[in-house]
Amino acid sequence: MITRIFHLSAVVAAVLVGTVAGSTQLKAQTVETAIRDGKIGYAMTDLFWAVYQTPDAKEECPEGFNDGPREQFEKLYPNHTAMTVEDTQLRQEVQTWLPSTESDGFEFREAEGPYSWGLNLDDALGDDDFEHPDGSKGIDNQVYRAVGCVIGFRGPDGVEYIFQNKAILDQNYSRMMIELGDVDDLRSDESVTVSLYRGRDRLLTDATGLNVVPGGSQRIDRRWGESLIRHTTGRIEDGVLRTEPIEEVVIPWMNLSVPTIQIIRDMRLELQLTPEGATGLVAGYADINSWYYQLIRNDSTHHLSNGQISGISLYKALRRLADAYPSPDTGANTAISTALDVKMRQVFIVHTESD
């Protein structure tokens, strides 16, 4: 028995040593070979609305957080047990799916304070703009003002925050990638090309299945993803990629196994690049209808309630805070400034003639 234990321990030790050596070698190979023929690819692993948070939320939410469907229901229908389903639950569902800008009678707590993550999208300074924590002025992020005091959108345990990023890892539907071309140096390059693609393959992970590692391969989805391909240009300064805006980008967005999309106008990227990955911001103007219906299609009222997310109240806030793309018919703005935190891992993007 002692001999067998000794042999088993020796085998385990050898495997561990080999694993450590292999991972070190893999990292070294990634650093040396990530750029091939002037190109480097990255696949999104995390993507979620950028929400500035302090530890106790007193700075951005001094009055506390917003009520969700359950809390509002109790206030609207204190005697609901004596009422019909049509006059209570279904009435609220109708207002959720057919929203309006009329007041619902509830106070909505917008995020306050001077700071927000994001970018200056309009190259201007306005009364509604935030300041970036690094001191940059003119930050446009009205989605943050709308969702900053909604528990479900706050990390690390808000329901939207958790399930959106989980879906990116678990499902191929949201497999968005970028590929940089004409790259000479990841630290400094005056001009690079940037292409957005949808991938077809699962992400390469470690043995836990939870951590994405660099060096995987991704085929381009040219069947369902051809219409999602976009191209722009950018520059790299001090290891940070900044792109020119893209007129409109459609992002596949899945949560709780329900496929939807987000439409971002004037989208641009600001990413800190390394040979192993990229982190930073996706910013632009979110189409309000797409934003809202993504939320309520992905999440039933039950799931929204777990994050205290009242779709009815939130829609009104989005419309009230909208700051771009006025409708030619009504003059009301149809899009709202936003920023998303994004993380990516380096991948080798495989180009084929057909899919």
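Located above this text is the structure these notes cover.
To keep things clear, this report deals only with the structure shown in the data block. (Residues numbered from 1 in each chain as written. Predicted model: local features only at pLDDT ≥ 70, side-chain atom pairs only at ≥ 80, totals over all residues. Heavy atoms only, no water.)

## Describing a negative patch on the surface
Among the surface-exposed residues, Asp122, Asp123, Asp127, Asp128 and Asp323 lie close enough to one another that they form a single negatively charged patch. In this fold, Asp323 is placed in the loop between helix H8 (311-321) and strand E10 (324-326). Take Asp323: its relative accessible area is 31%, and that puts it in the partly exposed class. (Patch = residues over 30% accessible without salt bridge, like charges linked within 9 Å, V, L, I, M, F, W, Y side chains within 5 Å. Areas by Shrake-Rupley, 256 points an atom, 1.4 Å probe, with all protein chains shown as cover. Salt bridge = Lys/Arg side-chain N within 4 Å of Asp/Glu carboxyl O. Lys, Arg positive; Asp, Glu negative; His and termini not counted. Charge placed at Lys NZ, Arg CZ, Asp CG, Glu CD. Helix = DSSP H or I, 4+ residues; strand = E, 2+ residues; numbered from the N terminus. Buried < 20%, exposed > 50% of the residue type's maximum accessible area, 1.4 Å probe, protein only.)

## Overview of the side chain of Gln346
On the secondary structure map, Gln346 appears in strand E11 (residues 333-350). Looking at Gln346, its side chain comes within polar contact range of the main-chain nitrogen of Gly215, at 3.0 Å. (Polar contact = N/O pair within 3.5 Å; in protein donor to acceptor, adjacent residues only side chain to side chain.)

## Describing the pairing of strand E4 (residues 216-219)
Here E4 shows a clear split, with Gly216 and Gln218 buried on one side and none of Ser217 and Arg219 buried on the other. Here 4 bridges tie E4 to E11, and the two strands are oriented parallel to one another. In the sheet register, Ser217 faces E11, and the bridge partner there is Phe348. (Pairing = 2+ DSSP bridges.)

## Observations concerning the environment of Arg145
Along the chain, the position of Arg145 falls in helix H4 (residues 142-147). It is 34 Å that separates the C-alpha atoms of Arg145 and Arg187, two residues lying 42 residues apart in sequence. Residues in contact with Arg145, not counting those within four places in the same chain, are Glu110, Ala111, Asp128, Phe130 and Leu321. At 2.8 Å, the side chain of Arg145 and the backbone oxygen of Asp128 are in polar contact. (Contact = heavy atoms within 4.5 Å.)

## Topic: the pattern of salt bridges
Under the counting rule described, the total for this entry stands at 13 salt bridges. With its nearest N and O atoms 2.6 Å apart, the salt bridge here joins Asp67 to Lys75. Classification of Lys75 as exposed rests on a relative accessible area of 55%. Between Glu110 and Arg320 there is a salt bridge; the shortest N-O distance is 3.2 Å. Note that Glu110 is positioned in the loop between helix H3 (89-97) and H4 and Arg320 in helix H8, a separation of 210 residues in sequence. Accessibility expressed as a relative area gives 47% for Arg320, which makes it partly exposed. Salt bridges sharing partners connect three or more residues here, namely Arg235, Glu237, Arg242 and Glu270.

## Focus on the packing of aromatic side chains
A full pass over the atoms with the stated rule returns 13 aromatic pairs. Ring centres of Trp49 and Trp291 lie 5.6 Å apart, and the angle between their planes is 45°; this geometry places the pair in the tilted category. Of this pair, Trp49 sits in strand E1 (residues 40-49) while Trp291 is found in helix H6 (residues 288-298), placing the two residues 242 residues apart along the sequence. Classification of Trp49 as buried rests on a relative accessible area of 3%. Ring geometry for Trp97 versus Tyr293: centroids 6.4 Å apart, planes at 35°, classification tilted. Pair noted here: Trp97 is in helix H3 and Tyr293 is in helix H6, with a separation of 196 residues, a long-range link. With a relative accessible area of 37%, Trp97 lands in the partly exposed category. Pairwise contacts between aromatic rings join Phe48, Trp49, Phe153, Tyr161, Trp253 and Trp291 into one cluster. (Phe/Tyr/Trp six-rings, centres within 6.5 Å; stacked < 30°, edge-to-face > 60°.)

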